[in-house]
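Each chain, letter by letter, is given below.
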Amino acid sequence: MREVAFIKQNKEKWLEFEQAIFGKTKKNPDELASLYIHLVNDLSYAQTYYPKSKAVTYLNHLASLTYQKIYKTKREETNRLVYFFKTEVPLIIYRNRRYVLYSFLLFFLFTAIGAVSAANDSTFVRLILGDEYVNMTLENISNGNPVAVYKSGSNWGSAVGITANNLNVGLRCFISGIFAGVGTVLMLMFNCIMLGSFQYFFYEQGVFWESVRGIWIHGAMEIFAIVIEAAAGLVLGAGILFPKTYSRLASLKIAFKNGLKIVLSTMPFTFAAGMLEGFVTRYSPDMPRILNIFIIISTLALISWYYLIYPFKVNKKVTTDNVTAL
């Protein structure tokens, strides 16, 4: 059967099921169970014959939502917080993986723009970072400690202040998505251009690797979390621009709820980055290089696994459980 015919044949049934799932129509348990069986059968058929079709994404989304509703009672018997991080957020990330991809593409683009601009305009770094910061960093470099700025203040004072600032940046990245995603893109652009020019500045001064060894101890999780928070902002913006089968208001509510959950999931990583910046980064020039590298790689691997790999594993498990339940 051609894909167009398959969709046309089953469209009304899928919409009926969608209405029932979101409570817009009432179905008795037997009717709902029958629709669900048909839905999973259609999903299996589509995965077999139209693996790259948008119909597979749509049906998988409905199946995931249904799975969560079916196991709602079971979840209440377990730790709600564990379920949030173990299943709920990964499924949201999987369903919105395109926006995570867009966010990373924008991150690399804007960071490259910052670096290239700094390389071609000697005044650009001062324009972005300010004369005071640049002069202080030049003095630190001349004193043999390019990242001495991270030694200022007490451990706890620095950790708390930095964490609060990063949480503020993340929330603003998300909330700015209400302007059809444009606000989020602008915030990401500003922060990435700053990062690119900042890192090029150290490269220009001949202390690039020394800066990497210090900055990315906390930066691996801090910057990654901001990119994910920007993805949440894009999800919010997409909810306004692309309501699909929902009303625009209903789509906005769903997108806000999903985006907020994504942002909340980044907070443990943001807290961890703040603690590392306050308690570890300041000692980076004196610690063994292997320890520097280990901290950077392990923190980057952890957050990368959670947001880029684990969601696919959870989705696969949910889909398998749905089929097995038949």
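### Section: the overall build of the protein chain
Reasoning step 1: Helix and strand counts for the protein chain stand at 13 helices and zero strands.
Reasoning step 2: Reading the helices (α) and strands (β) of the protein chain from amino to carboxyl end gives α-α-α-α-α-α-α-α-α-α-α-α-α.
Reasoning step 3: The proportion of buried residues among the 326 residues of the protein chain is 48%.
Reasoning step 4: Long-range pairs, those at least 24 residues apart, make up 77% of the contacts in the protein chain between residues at least 6 apart in sequence.

### Quick word on the pattern of salt bridges
A side chain of one charge can pair with a side chain of the opposite charge when the charged atoms of the two come close.
Reasoning step 1: What the rule picks out here adds up to three salt bridges.
Reasoning step 2: We note a salt bridge from Glu 88 to Arg 80, for which the minimum N-O separation is 2.9 Å.
Reasoning step 3: With relative accessibility at 5%, the residue Glu 88 sits in the buried group.
Reasoning step 4: One salt bridge in this structure joins Glu 88 and Lys 261, with 2.3 Å as the shortest N-O distance. Of the two residues, Glu 88 is situated in helix α5 (residues 80-95) and Lys 261 in helix α12 (residues 248-279); the sequence distance between them amounts to 173 residues. Lys 261 matches Glu 88 in its accessibility class, with the two residues each being buried.

### Some points on the packing of α5 against α12
Reasoning step 1: Viewed as axis vectors pointing N to C, α5 and α12 meet at an angle of 125 degrees, and their least axial separation amounts to 10 Å. In terms of orientation, α5 and α12 fall into the oblique class. Considering the relative orientation of α5 and α12, their crossing is left-handed. On the side of α5, the interface is formed by Phe 84, Phe 85, Glu 88, Val 89, Ile 92, Ile 93 and Arg 95, while α12 contributes Asn 258, Lys 261, Ile 262, Leu 264, Ser 265 and Pro 268.

### A few points about the nonpolar core
Reasoning step 1: Within the largest apolar cluster, 60 residues are counted, with the highest numbers of intra-cluster contacts made by Ile 228, Ile 262, Ile 303 and Tyr 307.
Reasoning step 2: Per-element tally for this core: the top contributor is helix α11 (residues 208-241), with 15 residues.
Reasoning step 3: If we ignore the near neighbours within four places in the chain, the residues touching Ile 303 are Ala 220, Met 221, Phe 224, Ala 225 and Phe 269.
Reasoning step 4: Formed by 14 residues, the second largest nonpolar core is a distinct cluster that contains Tyr 36, Leu 39, Leu 59 and Ala 63.

### What about α5?
Reasoning step 1: Taking 1.5 Å as the rise per residue, α5 with 16 residues should run 22 Å; its terminal C-alpha atoms sit 21 Å apart, in good agreement.
Reasoning step 2: Among all positions of α5, only Tyr 83, Phe 84, Thr 87, Glu 88, Val 89, Pro 90, Leu 91, Ile 92, Ile 93, Tyr 94 and Arg 95 are buried.

### So, the confidence of the model for the protein chain
Reasoning step 1: Per-residue confidence for the protein chain gives a mean pLDDT of 86, with 89% of residues at or over 70.
Reasoning step 2: Considering each helix and strand of the protein chain separately, the mean pLDDT is smallest for helix α4 (residues 72-76), with a value of 49, and largest for helix α6 (residues 97-120), with 97.
Reasoning step 3: This model gives residues 73-77 a pLDDT under 50, and the stretch forms two contacts once residues within four places in sequence are excluded.

Definitions and cut-offs
- Residues numbered from 1 in each chain as written.
- Predicted model: local features only at pLDDT ≥ 70, side-chain atom pairs only at ≥ 80, totals over all residues.
- Heavy atoms only, no water.
- Helix = DSSP H or I, 4+ residues; strand = E, 2+ residues; numbered from the N terminus.
- Buried < 20%, exposed > 50% of the residue type's maximum accessible area, 1.4 Å probe, protein only.
- Contact = heavy atoms within 4.5 Å.
- Salt bridge = Lys/Arg side-chain N within 4 Å of Asp/Glu carboxyl O.
- Axes fitted to C-alpha atoms, helices over the stretch in contact; angles between N-to-C directions.
- Parallel < 35°, antiparallel > 145°, perpendicular 65-115°, else oblique.
- Left-handed = near helix turned anticlockwise from the far one by under 90°.
- Core = buried A, V, L, I, M, F, W, Y, C linked by side-chain atoms within 4.5 Å.
- Expected span 1.5 Å × (residues − 1).
- pLDDT = per-residue confidence, 0-100.

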